[in-house]
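Fold and contact review
In case you want the letters, here they are:
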Amino acid sequence: MKTLLQNNRPLSRFLLQVTFICAVLLGAVTASAQNTTWPQFRGPESNPVGTHRRLADRWSKTENVEWSQEIPGRGWSSPIVTGGKVYLTTVITDGKSKPPQIGTEYSNEYVAELQKQGLSMQEIIKRVTERDIELPGEVTLHYMLYCLDLKSGKTE
C-alpha cells in the first residue's frame, strides 16, 4: 500500500484529509465522555454541531487531537461512534483509481464548462465519464469496514 500512496498524490492527500477529519471528530467525541455516541451521518440528531461546552477553538494535525489513525483507501461515509468503538467504511481499489474531485457540484460545473465550448451532449457524457466515473472493467473495488477503539485508536 505504501507504493500506491507514494505514487498517487491525490489519493495520499485524500488519506491525510480523511485521517485528519477522523481525528478531529474523535477528539471532539472523546472530549465529552467515553460513552458518547455519534450514531449517524451528521451526529446524534442529524445536526453536525457538537454539544459539548468545552470543544476546542483550534485544531491542527497535533493540537487538540486525542489520536489519529491512517486508514487505507477512500472514505465512504461518516464515522459511527458507539459503545467505545469507532466504525469507518472505506473502499480500496485494484488498478488505477481516478482522483477524487473536490467541491459539491464539480460534475455540474464541468458540464457547464463543456456546454459553453459547444460540445454535443454525447461528447459531454463521454468526457464526464472519462474524468469522474469508474466503470466496472477499470477497477475492482473492495469495500472495507474498520472498527477502532475509541480510547486508543487501535484497529480491532
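Residues numbered from 1 in each chain as written. Predicted model: local features only at pLDDT ≥ 70, side-chain atom pairs only at ≥ 80, totals over all residues. Heavy atoms only, no water.

**What to know about the pattern of salt bridges**
Where charged atoms from two side chains of opposite charge come close, those side chains can pair. Under the counting rule described, the total for this entry stands at 6 salt bridges. Across the salt bridge formed by Lys98 and Glu138, the nearest N and O atoms sit 3.6 Å from each other. You can see Lys98 sitting in the loop between strand 3 (85-94) and helix 3 (106-116) and its partner Glu138 sitting in the loop between helix 4 (121-132) and strand 4 (140-149), a full 40 residues away along the chain. By relative accessible area, which is 15% here, Lys98 ends up buried. Where Arg131 meets Asp132, a salt bridge forms, and the shortest distance between an N and an O atom there is 2.6 Å. A relative accessible area of 17% means that Asp132 is categorised as buried. (Salt bridge = Lys/Arg side-chain N within 4 Å of Asp/Glu carboxyl O. Helix = DSSP H or I, 4+ residues; strand = E, 2+ residues; numbered from the N terminus. Buried < 20%, exposed > 50% of the residue type's maximum accessible area, 1.4 Å probe, protein only.)

**What about the side chain of Arg74?**
Take Arg74: it is sitting in strand 1 (residues 74-75). The buried charged residue Arg74 lacks any salt bridge, with Glu134 as its nearest oppositely charged partner at 4.4 Å. In this structure the side chain of Arg74 is engaged in a polar contact, spanning 3.3 Å, whose partner is the side chain of Ser97. (Lys, Arg positive; Asp, Glu negative; His and termini not counted. Polar contact = N/O pair within 3.5 Å; in protein donor to acceptor, adjacent residues only side chain to side chain.)

**Let's talk about the side chain of Thr93**
Note that Thr93 resides in strand 3. Overall, Thr93 belongs to the buried group, its relative accessible area being 18%. Not counting residues within four places of it along the chain, the set of residues in contact with Thr93 comprises Val139, Thr140 and Leu141. (Contact = heavy atoms within 4.5 Å.)

**Points about the pairing of strand 3**
As judged from the 2 bridges shared by strand 1 and strand 3, these two strands associate in the antiparallel manner. Paired with Gly75 across the two strands is Thr90, which belongs to strand 3. Bridging between strand 2 (residues 80-82) and strand 3 involves 3 bridges; their strand directions are antiparallel. Within the sheet, the bridge partner assigned to Ile80 lies in strand 3 and is Tyr87. If you look at the hairpin formed by strand 2 and strand 3, you'll find 2 residues sitting between the two strands, and Gly83 has a positive phi there, around 55°. (Pairing = 2+ DSSP bridges.)

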